[in-house]
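The primary structure of each chain is shown beneath.
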Amino acid sequence: MSDKETIAWLEKKAKEIRKEILISLTGAASGHTGGSLGLADIFTVLYFYKMRYRSAEPDWDDRDRLVLSIGHVAPVLYVSLAHAGFFPKEELATLRKLGSRLQGHPSRDRGLPGIELAAGSLGQGLSVAVGMALAASMDHKQHKIVAIMGDGELQEGSIWEAAMSAAHHKLGNIIAIIDRNKQQIDGSTSRVMEIEPLCDKWRSFGWVVKECNGNDIRDIINTLNDSWRSTARPTVIIANTIMGKGVPAIENDHTWHGRVPDKKDLVDFLNALR
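Analysis parameters
- The residue numbering used here restarts from 1 in each chain and proceeds along that chain's sequence as written.
- The predicted nature of this model means local features are confined to residues of pLDDT at least 70 and side-chain atom pairs, given and counted, to a pLDDT of 80 or more, with totals for whole chains, interfaces and linings taken over all residues.
- As a convention, hydrogens and water are excluded, and side-chain values are obtained from all of the structure's heavy atoms.
- In this text, helices come from DSSP runs of H or I with a minimum length of four residues, and strands from runs of E with a minimum of two, each type numbered from the N-terminal end.
- Restricting the calculation to C-alpha atoms gives the radius of gyration, and the globule rule supplies 2.2 Å times the number of residues raised to the power 0.38.
- Only protein chains enter the accessibility calculation, which uses a 1.4 Å probe. A residue is then buried if its area is under 20% of the maximum for its type, exposed if over 50%, and partly exposed in between.
- The contact criterion used throughout is that any non-hydrogen atoms of two residues lie within 4.5 Å.
- With residues, only the protein chains shown are counted as cover, and all accessible areas are computed by Shrake-Rupley using a 1.4 Å probe.
- Here, nonpolar core means buried Ala, Val, Leu, Ile, Met, Phe, Trp, Tyr and Cys residues that are tied together by side-chain atoms lying within 4.5 Å of each other.
- Between any two strands, at least two bridges found by DSSP are needed for them to pair.
- Working definition: rings of Phe, Tyr and Trp (its six-membered ring) pair if their centres are within 6.5 Å, and the pair is stacked with planes under 30 degrees apart, edge-to-face with planes over 60 apart, and tilted otherwise.
- A pairing counts as a salt bridge when a side-chain nitrogen of Lys or Arg comes within 4 Å of a carboxyl oxygen of Asp or Glu.
- For every element, the axis is a line fit to its C-alpha atoms; helices are fit only across the contacting stretch, and the angle between N-to-C directions ranges from 0 to 180 degrees.
- Definition of a polar contact: a pair of N or O atoms within 3.5 Å, with one able to donate and the other able to accept a hydrogen when the atoms are protein atoms, and with sequence-neighbouring residues admitted only if both atoms are side-chain atoms.

(A) Quick peek at the overall build of the protein. Each helix and strand counted, the protein has 10 helices and 7 strands in total. Rg of the C-alpha trace for the protein: 17 Å, near the compact-globule value of 19 Å for 274 residues, within the 12% margin. Expressed along its principal axes, the backbone C-alpha trace of the protein runs to roughly 50 × 45 × 40 Å. Within the protein, the fraction of its 274 residues that count as buried is 55%. Restricting the contact set of the protein to residue pairs at least 6 apart, pairs at least 24 apart contribute 74%. A total of about 11800 Å² of accessible surface is found on the protein, and carbon and sulfur atoms cover 49% of it.

Following this line, the structure appears as structure tokens:
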């Protein structure tokens, strides 16, 4: 495909992922809508353009690893994995159901392929990613470790301990992506606890810092391609996103952090996506 055709195909895929997120959350009647929709473009580029993996061989040793630190946006991970062939799409209907492999937060003990971290408490994912990156470096492996964090999550002190460790060990094989939608469950990040100046903070910790529009496929691709080439220091991408992206009625509304559509909402939201 040409570059233009690739972008168009990925944009269409991101829309499909958003639709499936809404359908599965409505069926579950619980979960986290806003962040899942906002990250759909980034997950689309990672799973259908950039990362190396084998869905039929999920433990392939040379795969790139995606560590989802903000485990409550599990729906966008599950839908991406299903579309990538890790498990049947029909299983998405079991989200948050009793006995399902698709728990509210990703779990490794359920046997769901493609899960690298059992994520629950915020602030832990970057530390796990640093451990993975350090192990890969010691074994002279070439794969990348991608850690996805929320911006509200940066209020956790453990994030900064991990950031300091990654820079100290010169882990150029780790790429952190921050979902910078400026919202968290209790309101805006600036009101709950200000985290700016974000770029300056990460630079002071020894990281290469990049920014992108996290809802623009082309910008995400260009930023990831550039970041993938970095080998001397860890890289952080501050991805400016819109919570609830794709459904104008809920965009940038923090009350949709942990709220799901009812059946009427679902019809309206799917129509908005069309």
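(B) Focus on the nonpolar core. Counting residues in hydrophobic clusters, the biggest one holds 56 residues, and the most contacted among them are I148 and I177. In this view, I177 contacts I42, L46, V146, A147, I148, M149, L224, I237 and A239; residues no more than four positions away in its chain are not counted. Counting 29 residues, the second largest nonpolar core, distinct from the first, contains A119, L126, I178 and W202.

(C) Inspection of the pairing of strand β3 (residues 174-180) at higher detail. Across the 7 residues of β3, 7 count as buried, placing the element largely inside the fold. Residues I174, A176, I178 and R180 line one face of β3 and the alternating positions I175, I177 and D179 line the opposite face, and both faces are buried. Bridge analysis of strand β2 (residues 145-150) against β3 gives 6 bridges, and the strand direction is parallel. Bridging across to β3, V146 finds its partner in I175.

(D) Looking closely at the packing of aromatic side chains. Tallied over the full model, the rule gives 8 aromatic pairs. Between W9 and F48, the ring centres sit 6.2 Å apart and the planes meet at 65 degrees, which makes this aromatic pair edge-to-face. One end of the pair, W9, is in helix α1 (residues 3-28); the other, F48, is in helix α3 (residues 40-50), and 39 residues separate them in sequence. Judged by centre distance (5.1 Å) and plane angle (50 degrees), the ring pair of W160 and F205 falls under tilted.

(E) How the structure looks around the pattern of salt bridges. This model, assessed by the stated rule, comprises 15 salt bridges. The salt bridge involving D61 is made with R65; its shortest N-O contact spans 3.9 Å. Residues K264 and D268 are paired through a salt bridge, measuring 3.0 Å at the closest nitrogen-oxygen approach. Separated by 4 residues within a single helix, K264 and D268 lie in helix α10 (residues 263-273), roughly one turn from each other. Look at the salt bridges and you will find they share partners, linking D61, D62, R65 and K141 into a network.

(F) A look at the sheet that holds β2. Reading across the sheet, the 5 strands line up as β1-β2-β3-β7-β6 and stay open at both edges, with parallel pairing between neighbours. Taken across any chain shown, the strands that pair with only one partner, and hence form the sheet edges, are β1 (65-68) and β6 (208-213). If you compare each strand with its neighbour and ignore which way they point, the axes differ by 20 degrees on average. Where helix α9 (residues 217-228) meets the sheet, its contacts fall on β2, β3, β6 and β7 (235-240), and the angle it forms with β6 comes to roughly 165 degrees.

(G) How the structure looks around the side chain of H83. In this fold, H83 is placed in helix α4 (residues 74-83). In this structure the side chain of H83 is engaged in a polar contact, spanning 3.1 Å, whose partner is the side chain of K13. Here H83 is in contact with K13, E16, E20, F48 and K89, once residues within four sequence places are set aside.

(H) The arrangement of unusual backbone geometry in detail. The step from E196 to P197 runs through a cis peptide bond, and the omega angle for that step is 5 degrees. Relative to the elements of secondary structure, P197 occurs in the loop between α7 (189-192) and α8 (198-204). Unusually for a residue other than glycine, H140 sits at a positive phi of about 60 degrees. With respect to the secondary-structure elements, H140 resides in the loop between α5 (125-138) and β2. We note that K170 has phi near 50 degrees; this positive angle belongs to a residue other than glycine. Its place among the elements puts K170 in the loop between α6 (157-168) and β3.

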